[in-house]
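The lines below spell out each chain.
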2 protein chains.
Amino acid sequence: MELFKHLDKTYKISSEAKKALEPLIGHIQYHKNNMVQEIGSRCKTIYIVKNGCARIFYYKEGNDITEHFAFENDMIVRAESLFTGQPTSKGIQTLEETEMIAINSSKLFKLYDEYHDIERLFRILFEREYVNSIKRLESLQFNSAKERYLELSKNKNLVQKIPLKHIASYLGITQVSLSRIRAEVQ
Amino acid sequence: MELFKHLDKTYKISSEAKKALEPLIGHIQYHKNNMVQEIGSRCKTIYIVKNGCARIFYYKEGNDITEHFAFENDMIVRAESLFTGQPTSKGIQTLEETEMIAINSSKLFKLYDEYHDIERLFRILFEREYVNSIKRLESLQFNSAKERYLELSKNKNLVQKIPLKHIASYLGITQVSLSRIRAEVQ
DNA sequence: CAAATCTTTTTACAAATGTTAAATAATGCA
DNA sequence: TGCATTATTTAACATTTGTAAAAAGATTTG
């Protein structure tokens, strides 16, 4: 299975573990701007983007705020729900034609008991997400909007194919402000 | 051991696992404003505050920035180093007379192989930290400085005993700006 | 193709936050 | 206690970012 080629790079699990995991895994193809997970739902699926891209977003005072972008091989979960069981006011939406791998999280967590190595693999994957969220925190806490934009725009791909309103809210600024920054930077 | 009384609330591990953990655990008493972990070092210790408080901080362009506060029973680690093995430009410092529990992380990670339940316990603890970091991200991304201050000041304890300059940098603003907000709020 | 819709930029002005420096208040120590 | 140090607030002005509305550009669709 192709997914394991990717996961093996993180932590190699036994072939029995792979066999046990396979039935929990689905492939889903989404069109552009499709909802993948509705706002208000509980996170019961762990997604990995195979190609295309998706975002986590929520509404705050009527504004659509993008919290996270995910591209090829990125994991995408609403962690505050996945790890607490609580519903979340965040949703997941594709931003273009996107192929995703979906892993049923309740079944996965049950496998943790029997397969120590599955628990380890996902522990490592989520630790990595945790470190990413700390990096982002740093940049929101003390970089200016311009610095944050320049940092983000190193990923040419992202800035080219994602509507600027999403990039603006992701950076914690308005779209007008982002336009000004772009004009200034050139 | 008193630590386990606390950890049991998260996930109960076997008594063999506890026995294996005990030798990795130390108690350390620090005076006010003591460095616990130096800037530039690698994170090889997981701390839990027993009483008192501590912060994670770093310097950005000469400014002292507080990234995290930890109080009673809070875990405190420099995750971007703990999980990557890379040195970090962040340090840990106490803010008052503080008693901490210190767990040797390299030894702990070795125990993960033998004691599945130890790995699970710490997996859950770190998942919780991950969720906390997402909550903080949300507030930095789209709340105003005033909203963030009001949120933080629900924790009366914190605002009373910690120098405002640290609170200001934690909120991502200058101390002058925080003073203004406080004057306005009353 | 052309109208309709959506996205991005621009403008003008308002509000929030930053910077520097000084004033005041609080704290620690001889 | 009282001096020295540190912490906090205030003031004046600069810069950044927000808001609302309009203009310009791009994309979609009948």
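Heads up: the structure comes first, above all this text.
Within each chain, residue numbers correspond to sequence positions counted from 1 in written order. Written order determines the labels here, with chains lettered from A and ligands numbered from 1. Residues qualify for local features only when their pLDDT is at least 70, as the model is predicted, and side-chain atom pairs are given and counted only at 80 or more; totals for whole chains, interfaces and linings, by contrast, use all residues. Side-chain metrics in this entry use all non-hydrogen atoms of the structure; hydrogen atoms and water are not considered.

1. Regarding the pattern of salt bridges
Any carboxyl oxygen of Asp or Glu that lies within 4 Å of a side-chain nitrogen of Lys or Arg is treated as forming a salt bridge with it. Tallied over the full model, the rule gives 30 salt bridges over all chains. Shared partners join several salt bridges into a network, and the residues in it are Asp113(A), Glu119(A), Arg120(B), Arg123(B) and Glu127(B).

2. Concerning the protein's contact with DNA strand D
What makes a residue near a molecule or strand is one non-hydrogen atom of that residue sitting within 4 Å of it. Around DNA strand D, the structure places 16 residues, and the nearest of them are Thr174(A), Ser177(A), Arg180(A), Leu164(B) and Ser179(B). For DNA strand D, the backbone makes up 56% of the atoms found within 4 Å of the protein, where backbone means sugar plus phosphate. Residues adjacent in sequence count toward polar contacts only when both atoms are side-chain atoms; beyond that, a polar contact is any pair of N or O atoms within 3.5 Å, and within protein one must be able to donate a hydrogen and the other to accept it. Ala145(A) is positioned such that a nitrogen or oxygen atom in its backbone is 3.4 Å from a phosphate oxygen of DNA strand D. At a separation of 2.9 Å, a phosphate oxygen of DNA strand D approaches a polar backbone atom of Leu164(B). Helix numbers and strand numbers start at the N terminus; a helix is a DSSP run of H or I with at least 4 residues, a strand a run of E with at least 2. Within the residue set of the surface near DNA strand D, elements represented by two or more residues are helix H9 (175-185) of chain A together with helix H8 (164-171) and helix H9 (175-185) of chain B.

3. Concerning the relation of the copies chain A and chain B
For the least-squares superposition of copies, only C-alpha atoms count, and only for residues with pLDDT at least 70 in both. Least-squares fitting of chain A to chain B yields an RMSD of 0.0 Å, with the superposition described by an axial translation of 0.0 Å and a rotation of 180 degrees. The superposition of one copy onto the other is thereby described by a two-fold rotation axis. The overlap is high: 100% of the interface residues of chain A also sit at the interface in chain B, so the same surface is used on both sides. Two residues qualify as a contact provided that any one of their heavy atoms is within 4.5 Å of a heavy atom in the partner residue.

4. Observations concerning the side chain of Glu119(A)
Of note, Glu119(A) is situated in helix H5 (residues 116-142). Those residues in contact with Glu119(A) that sit more than four places away from it in its chain are Tyr112(A), His116(B), Arg120(B) and Arg123(B).

5. Considering the layout of surface pockets
Grid points spaced at 1 Å over the protein atoms alone were grouped into cavities, where a 1.4 Å probe fits but cannot get out, and pockets, open sets with protein on both sides within 12 Å along at least five of seven lines, with lining residues defined by an atom within 4 Å of a point. Grid points are joined across faces, edges and corners, and a volume is the space filled by probe spheres set on the points. If you add up the space inside the largest pocket, you get close to 1100 Å³. Contributing to the lining of the largest pocket are 41 residues, with His68(A), Asn132(A), Ser133(A), Arg136(A) and Tyr170(A) lying nearest its centre. In terms of residue count, H5(A) provides more of the lining of the largest pocket than any other element does, 10 residues in total. Gly falls in the polar group here, along with every residue not listed as nonpolar (Ala, Val, Leu, Ile, Met, Phe, Trp, Tyr, Cys, Pro) or charged (Asp, Glu, Lys, Arg). Residue composition of the lining of the largest pocket, by class: 19 nonpolar, nine polar and 13 charged. Its boundaries defined by the atoms lining it, the second largest pocket holds a volume of some 830 Å³. Taken together, 31 residues form the lining of the second largest pocket, with His68(B), Phe69(B), Asn132(B), Arg136(B) and Tyr170(B) sitting closest to its centre. Put simply, the parts of the chain that give the lining of the second largest pocket at least two residues each are H5 of chain A together with strand E5 (63-70), strand E6 (75-76), helix H3 (79-82), helix H5 (116-142), helix H6 (145-152) and H8 of chain B.

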